[in-house]
Amino acid sequence: MSNEGIFLFRIFATLPLILAIWLATLSHNCHGWHHGVSGFSSCQQPQQRQQQSKVQSSLPSTTSFHNDDDVIHTSDETENTSVPSTWSFPSHRPLLAIITEPNACDSDASMERTFHAIQQAVSTQDVDLVSLRLEIRPSNSNIDERNQELEINVMERACTLAKRLVQLSEQQAQEQYTSGALPATTTSSFKVVCSSDFISVAMEAKVHGIHFKEHHYQNHTFVTQVVQSFDYPILLGTSTHSISSAVVESFCDSSSTSTLSSDKAPKPHYIFVGTCYPTASHPEKTIMEGPALPGQIRKKLISLLAAQEQQDEEKEEGIMKAPLLPPPPPVFAIGGIEATNCHEPVSMGANGVAVIRAVLQAEDPAEMVNTLQTNMKQKG
């Protein structure tokens, strides 16, 4: 072979290696990207990220309820395969959820305050859910670019906060497991859910679930799409303000509040019910649903399930029974809940309460969690 031929041969022989190096470099630079609609990419321009998040957060939504055998996975970055993945709500004490304040991610300082308050609260191991519910506040300026920048900053802080909370949850689960405090088949660390207004954040941070707003949940197509867009099973929750709405969400066909449905429409794992008392979250609201409603909803769901089970038992032999229905989702009372009144909805039948400022604005969040649990147990 001539010298010229040898030279050309060497060039073509090294082309695959050059291509491989180039692709590896490109992949490294785009390490923030996740599959499909999993949130904004660190490689995207701010305008692209914002546009994508707007599209995702505008999708409709619905949720589904599963029970003790649900498997909750976490992100590849935080998941430790030695930690068991089966999880369910505890039954030995009242349940407690913490919801972030709307301005939790307005600034780096507010994000840090929120994280450290939650960190102290969950150290008690008596918190079951942390729900990221944020609000993007418009700027006083009329310049669209300024509002876009503010929104992007909030989204990025929300993603950072969500990731840190998921890591904290996994760390707590690991510590409980290695200490032998829990059976090898379960973990009781708190779970992180994200509002259905921030689907892109939820997917980027690999949170444990989605909390759907009531009007989002009524769109079953949206909820199904959201559930299917995650590559792991997620925890699902929603809010309600009436018995009829809760019955439809949990068990029934939308055409009836007395006929249980075993279809594949997503059902919630838990429900927030309110508004129980006047609250700074909704200062415009003057007529409250009251502290009795959460218990009334729980009792209604239990009675419907019992009636359905009785009907199944009475079916003639040889007729296939209806598929087993899931148990009623736990009911959290919400709205104006604090240490002095948290026992009231629990004494009326609620499984627990969801709080915001009572814990996040407390001088000692851990002590406040202990106080809430004590009052719910002793007075409830």
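Residues numbered from 1 in each chain as written. Predicted model: local features only at pLDDT ≥ 70, side-chain atom pairs only at ≥ 80, totals over all residues. Heavy atoms only, no water.

**Examining the overall build of the chain**
Argument step 1. Within the chain, the secondary structure is distributed over 12 helices and eight strands.
Argument step 2. Across the 380 residues of the chain, 47% fall into the buried class.
Argument step 3. Counting only contacts in the chain whose residues sit at least 6 apart along the sequence, the fraction spanning at least 24 positions is 72%.
Argument step 4. When the accessible surface of the chain is split by element, carbon and sulfur atoms take 53% of a total near 18900 Å². (Helix = DSSP H or I, 4+ residues; strand = E, 2+ residues; numbered from the N terminus. Buried < 20%, exposed > 50% of the residue type's maximum accessible area, 1.4 Å probe, protein only. Contact = heavy atoms within 4.5 Å. Areas by Shrake-Rupley, 256 points an atom, 1.4 Å probe, with all protein chains shown as cover.)

**What to know about the state of the cysteines**
Argument step 1. This model, assessed by the stated rule, comprises zero disulfides.
Argument step 2. Between Cys105, a free cysteine, and Cys194, which holds the nearest cysteine sulfur, the sulfur-to-sulfur gap is 9.2 Å.
Argument step 3. A residue is classified by how much of its surface remains accessible, and Cys105, at 1% relative accessible area, is buried.
Argument step 4. Not engaged in a disulfide, the cysteine Cys194 finds its nearest cysteine sulfur in Cys159; these two sulfurs lie 9.0 Å apart. (Disulfide = S-S within 2.5 Å.)

**Structural notes on the nonpolar core**
Argument step 1. Counting 72 residues, the largest nonpolar core has Val127, Leu129, Phe272, Phe332, Val353 and Val355 as its most contacted members.
Argument step 2. With nine residues, the top contributor of residues to this core is helix H4 (residues 144-178).
Argument step 3. The residues touching Phe332, leaving out its near neighbours within four places in the chain, are Phe89, Leu95, Leu96, Ala97, Leu129, Tyr270, Ile271, Phe272, Val273, Gly352, Val353 and Ala354.
Argument step 4. With nine residues, the next largest nonpolar core counts Ala246, Val247, Val273 and Leu301 among its residues. (Core = buried A, V, L, I, M, F, W, Y, C linked by side-chain atoms within 4.5 Å.)

**Description of the pattern of salt bridges**
Argument step 1. In this structure the tally under the stated criterion is eight salt bridges.
Argument step 2. A salt bridge links Arg93 to Asp126; its shortest N-O distance comes to 3.1 Å. Taken together, the positions of Arg93 in the loop between helix H2 (46-57) and strand S1 (95-99) and Asp126 in the loop between helix H3 (108-122) and strand S2 (129-132) put the pair 33 residues apart, joining distant regions of the chain. An identical accessibility class is assigned to Arg93 and Asp126; each is buried.
Argument step 3. When the shortest N-O distance is used, the salt bridge between Lys213 and Asp197 registers 2.5 Å. In this pair, Lys213 sits in the loop between strand S4 (209-212) and helix H6 (214-217) while Asp197 sits in the loop between strand S3 (191-195) and helix H5 (199-205), placing the two residues 16 residues apart along the sequence. (Salt bridge = Lys/Arg side-chain N within 4 Å of Asp/Glu carboxyl O.)

**Quick look at the environment of Ile118**
Argument step 1. Mapped onto the fold, Ile118 is located in helix H3.
Argument step 2. Residue classification places Ile118 among the buried positions, given a relative accessible area of 0%.
Argument step 3. Separated by 19 residues in sequence, Ile118 and Ile99 have C-alpha atoms that sit 9.6 Å apart.

**Some points on the sheet that holds strand S5 (residues 235-240)**
Argument step 1. Spatially, eight strands are ordered S1-S2-S3-S4-S5-S6-S7-S8 in a closed barrel, and the strand pairing comes out parallel. Between one strand and the next, the sheet's axes are offset by a mean angle of 25°, whatever the strand orientation.
Argument step 2. In terms of strand pairing, S3 meets S4 through three bridges, oriented parallel. Looking at the pairing, Val193 lines up with Gly209 of S4. (Pairing = 2+ DSSP bridges. Axes fitted to C-alpha atoms, helices over the stretch in contact; angles between N-to-C directions.)

Worth remembering: the numbers are spatial, not functional.
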